[in-house]
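# Structural overview
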Amino acid sequence: MSRLAEWIETALGAVPSDVTLYERALTHGSTGSPDYQRLEFLGDRVLGLVIAEWLYELYPDDKEGRLSARLNALVNGATCAQVARALCVAQHLRLGKQARDDGASDSDNVLGDVTEALIGVLLLDQGMEVARSFIRERWAELVAGVTN
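Attention in this report is confined to the structure presented alongside it. (Residues numbered from 1 in each chain as written. Predicted model: local features only at pLDDT ≥ 70, side-chain atom pairs only at ≥ 80, totals over all residues. Heavy atoms only, no water.)

### Observations regarding the side chain of Glu116
Formally: Helix and strand definitions here come from DSSP, where helices need a minimum of 4 consecutive H or I residues and strands a minimum of 2 consecutive E residues; each element is numbered from the N-terminal end. The contact criterion used throughout is that any non-hydrogen atoms of two residues lie within 4.5 Å.
Note that Glu116 resides in helix H7 (residues 108-126). With sequence-adjacent residues up to four places away left out, Glu116 is seen in contact with Leu39, Glu40, Gly43, Asp44, Leu47, Val75 and Cys80.

### Topic: unusual backbone geometry
Selection rule: Burial classes follow relative accessibility: with a 1.4 Å probe on protein chains only, a residue under 20% of its type's maximum area counts as buried, one over 50% as exposed, and anything between as partly exposed.
We note that Cys88 has phi near 60°; this positive angle belongs to a residue other than glycine. Checked against the element boundaries, Cys88 lands in the loop between helix H5 (77-87) and helix H6 (97-101). On the basis of relative accessible area, Cys88 is assigned to the partly exposed category, the value being 35%.

### Regarding the state of the cysteines
Defined as follows: Disulfide assignment relies on a single distance test, namely cysteine sulfur atoms paired within 2.5 Å.
Summed over all chains, the structure comprises zero disulfides. With no disulfide of its own, Cys80 has Cys88 as its nearest cysteine by sulfur position, at a separation of 17 Å.

### Regarding the packing of aromatic side chains
Selection rule: Any two of the Phe, Tyr and Trp rings considered here, Trp counted by its six-membered ring, make a pair once their centres fall within 6.5 Å; the pair's planes then place it as stacked at under 30 degrees, edge-to-face at over 60, or tilted in between. For a lysine, the NZ atom is tested; for an arginine, the CZ atom; a charge sits over a ring if that atom is within 6 Å of the ring centre and within 35 degrees of the ring normal.
Enumeration according to the criterion identifies one aromatic pair in this entry. Here the guanidinium or amino end of Arg70 rests over the ring plane of Tyr59, the centre of that ring lying 3.8 Å away.

### Topic: the pattern of salt bridges
Quick reminder of the rule: By definition here, a salt bridge exists when the distance from a side-chain nitrogen of Lys or Arg to a carboxyl oxygen of Asp or Glu is within 4 Å.
Taken as a whole and judged by the stated rule, the model has nine salt bridges. Across the pair Arg70 and Asp62 runs a salt bridge whose closest N-O atoms are separated by 2.9 Å. Judged by its relative accessible area of 6%, Arg70 is buried. Put simply, Lys97 and Asp101 hold a salt bridge, and the shortest N to O gap is 2.6 Å. Linking Lys97 with Asp101, this pair stays in helix H6, spanning four residues, or about one helical turn. Since its relative accessible area comes to 55%, Lys97 is described here as exposed. Each of Glu53, Glu129 and Arg132 takes part in a single network of salt bridges with overlapping partners.

### Observations concerning the packing of helix H3 (residues 37-58) against H7
Note the following rule: What counts as an axis is a line fitted to C-alpha atoms, over the stretch in contact for a helix, and the angles between N-to-C directions run from 0 to 180 degrees. By the definition adopted for this analysis, an angle is roughly parallel if under 35 degrees, roughly antiparallel if over 145, roughly perpendicular if from 65 to 115, and oblique otherwise. Under the convention adopted here, Pro, Cys and the residues Ala, Val, Leu, Ile, Met, Phe, Trp and Tyr are nonpolar, Asp, Glu, Lys and Arg are charged, and Gly plus all remaining residues are polar.
Running from N to C, H3 and H7 point in directions that differ by 80°, and their axes come no closer than 6 Å. Classified by the angle between their axes, H3 and H7 sit roughly perpendicular to one another. Along its contact with H3, which presents Leu39, Glu40, Leu42, Gly43, Asp44, Val46 and Leu47, the element H7 presents Asp113, Glu116, Ala117, Ile119, Gly120, Val121, Leu123 and Leu124. In terms of residue class, the contact of H3 with H7 is built from nine nonpolar, two polar and four charged.

Next up, the structure:
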């Protein structure tokens, strides 16, 4: 098993069936190779759905405005970047020289986008239940923090 596959299994909780999907999720556009943007699009929607579903369950009496405020705090770029840092995503990023020199590996924007891309890959490679489990595990403390 490759170093990347081992990290995926440990960090994401899934044995990858297609490591190239995960490689793409970790690839920045500055490389000139196919990058994470389409996967980010998908993962963003999955993250929003899972968090919305979770908040709906947790707060049956909350009005839409309160649920939306909680949701927005949990799916923003800074929060996704926080999850990426906990997963040590930066060590696995594929960046072009200029992006590396510009500090993209510590950018909230890049790390947040890659986190969403990884969620998109989990959906495609492992299915919705694995993606949901990953999100619920990695966002559990964060959800607890916005529940007050």
